[in-house]
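Given next are the chains, with one letter for each unit.
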Amino acid sequence: MNRKTIGKKEILLFLGRLVPLLHLISDKYVSHTKLSIYLMKKSIYYLTKAENMKMRGIYSSVTDIRRKVFTEVARLAYEEGDYAEKIAELPYKIVPGSKAVYRESIFLERAIVEERLRLAIGLPLRPIEEHKSVADGIEESAIAEKYYDPPLVNIIKFACNGCPETHYHVTDCCQGCLAHPCQEVCPKGAITIKHGESVIDQSKCIKCGRCQSVCPYNAINKMERPCARACGMDAIGSDEEGKAKIDYDKCVSCGMCLVNCPFGAIVDKGQIFQLITAMKKKKKVIAIVAPAFVGQFGPKASPEKLTAAMKKLGFADVVEVAIGADLCSIEEAKDFMREVPEHQPFMATSCCPAWSVMAKKLFPTLAPYISMALTPMVLTARMLKKDDPDACIAFIGPCAAKKLEASRRTIRSDVDFVLTFEELMGMFNAKGVTFEDITDEEKVDLCEGTGDGRGFAVSGGVAKAVADVIHKLDPEREVKVVSAQGLKDCRKLLTLAKAGKYDGYLLEGMACPGGCVAGAGTLQAVEKSTALVNKYVK
């Protein structure tokens, strides 16, 4: 996402919250100090949201390697042959030559690619202390059915940079000014002036950020581990060697750490290999495609071309998950009308698995208030399985957490495979399928879903769809709605709901900032995807 655009939006959001606060300045009960602290915290909050979106939509070397891995794994599955021999050759194909390009050693680069290949096939990371071939377990994985083995999200330790944990650091831009406001505002006396420059005592610093906010030269930087900053569950810490470590008791597999790691050290497992194997075994595989697909595969990939392109990959048919979204809207609308406020104070939507798992982990007393409606993915899959029990259902979407949802025992019989848009792009590349080659005669209109169902892809779309259904069923009923995007915001939303601030409301939570269009498996910049989905909805 464009940094300039982010900055402008964040400033506008911040100013919108600043104006009402100006009236507090003359209030004898509110000190200037309290006001400044509040404004500082709010500005840091909005700037942090911008920081978490910095890498999205940029085609970097990390993106390039990730997509090459998906392409080669898909090609491996399509071509068959001696899998063990072929996978051993792939690191040399993906990282050719004799000189390192990205890291200090080409052998390290290839070792990392080996682990990425294994994870893309659904295999576990190899123990560093043991000798195991990159092909270990690959023959056993060449099956038409394989569920995700935990953990879904993995850290390749020797790819991790061991980034420093959060701290504030005075750079050489410090001018040693006479005012030294950083020292004046520090509540813990952690800043001293040495040799004309400010120095922060990290043992005293409480990471409040006040020094950074007042420095006239912007000479104080906040250093954060990008993966930890992106994690809304505070699930990422450090191991004994300073490498990133995931607390799986907290992790909800949203994948935000994955797309925010600049070293490409965090990787989720895939099912490309098994999906293609199922096709080659003549199984009928139906793709159900999430509404966020619009625009993901480039400007030539119109919705009308999607079915023909995917049939060239081996899919028997393509169905919009927007159908299931419409069904989900009806179920949630009826739940809300029946339960709120007579039996429960509010109701939360259920379609985002990372949001609902977060709520159940951190707010167990609020779990009964999450809608019992099945997610659009499951509703669409069950509808198709009812008509064709022997069909295999492959969900294609933007979301890493859907892989976790599909691995639940209650869902396994409904959804056989989950692939991200990025993984599907690997299949297109492997088969040489381009949307430019799809003729007008091959085009098929996707007309099953409504605009509201397709709108599930963007933040606020789920709540809007449910509210629209309620208004149709009961035109006189007022529906109060509040939504949050990003797990940090979602946690704050539920904290306020628990305190009674949203009684009578419909709550929508999206784990990814921006909604499903910002999922970990997307291909395009979030703003661009949002605009294209909104256009398609209309």
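Described in the following lines is the structure provided in the data block. Since this is a predicted model, take the numbers as computed values, not measurements.

What counts and what doesn't
- Residues numbered from 1 in each chain as written.
- Predicted model: local features only at pLDDT ≥ 70, side-chain atom pairs only at ≥ 80, totals over all residues.
- Heavy atoms only, no water.
- Pairing = 2+ DSSP bridges.
- Helix = DSSP H or I, 4+ residues; strand = E, 2+ residues; numbered from the N terminus.
- Contact = heavy atoms within 4.5 Å.
- Axes fitted to C-alpha atoms, helices over the stretch in contact; angles between N-to-C directions.
- 1 Å grid on protein atoms, 1.4 Å probe; cavity = no way out; pocket = protein on both sides within 12 Å on 5 of 7 lines; lining within 4 Å.
- Points joined across faces, edges and corners; volume = space filled by probe spheres on them.
- Nonpolar A, V, L, I, M, F, W, Y, C, P; charged D, E, K, R; others polar.

Describing the sheet that holds strand E15 (residues 505–510)
Taken in spatial order, the three strands of this open sheet run E11-E15-E14, and their pairing is parallel. Since the sheet does not close on itself, it has two edges, and those belong to strand E11 (347–348) and strand E14 (480–485), each with one partner. Of the strand pairs in this sheet, E11 and E15 are connected by two bridges, and their pairing is parallel. Looking across to E15, one finds that alanine 348 is bridged to leucine 507. Across the face of the sheet, helix H20 (residues 487–498) comes into contact with E14 and E15 while running at roughly 145° to E14.

Observations concerning the sheet that holds strand E13 (residues 417–420)
Reading across from one edge, E10-E9-E12-E13 is the order of the four strands in this open sheet, with parallel pairing throughout. This sheet does not close on itself; its edge strands, each paired only once, are strand E10 (317–320) and E13. The sheet shows a mean angle of 25° between the axes of neighbouring strands, direction not considered. Bridge count between strand E9 (residues 285–289) and strand E12 (residues 392–397): five bridges; the pairing is parallel. The residue of E12 that forms the bridge with valine 289 is isoleucine 396.

So, empty space enclosed by the protein
Applying the stated criterion across every chain yields a total of eight cavities of 30 Å³ or more. One number sums up the size of the largest cavity: a volume of about 290 Å³. Along the walls of the largest cavity sit 25 residues, with Cys351, Pro398, Cys399, Lys402 and Cys516 positioned nearest its centre. The residue makeup of the lining of the largest cavity, split by class, is 22 nonpolar, two polar and one charged.

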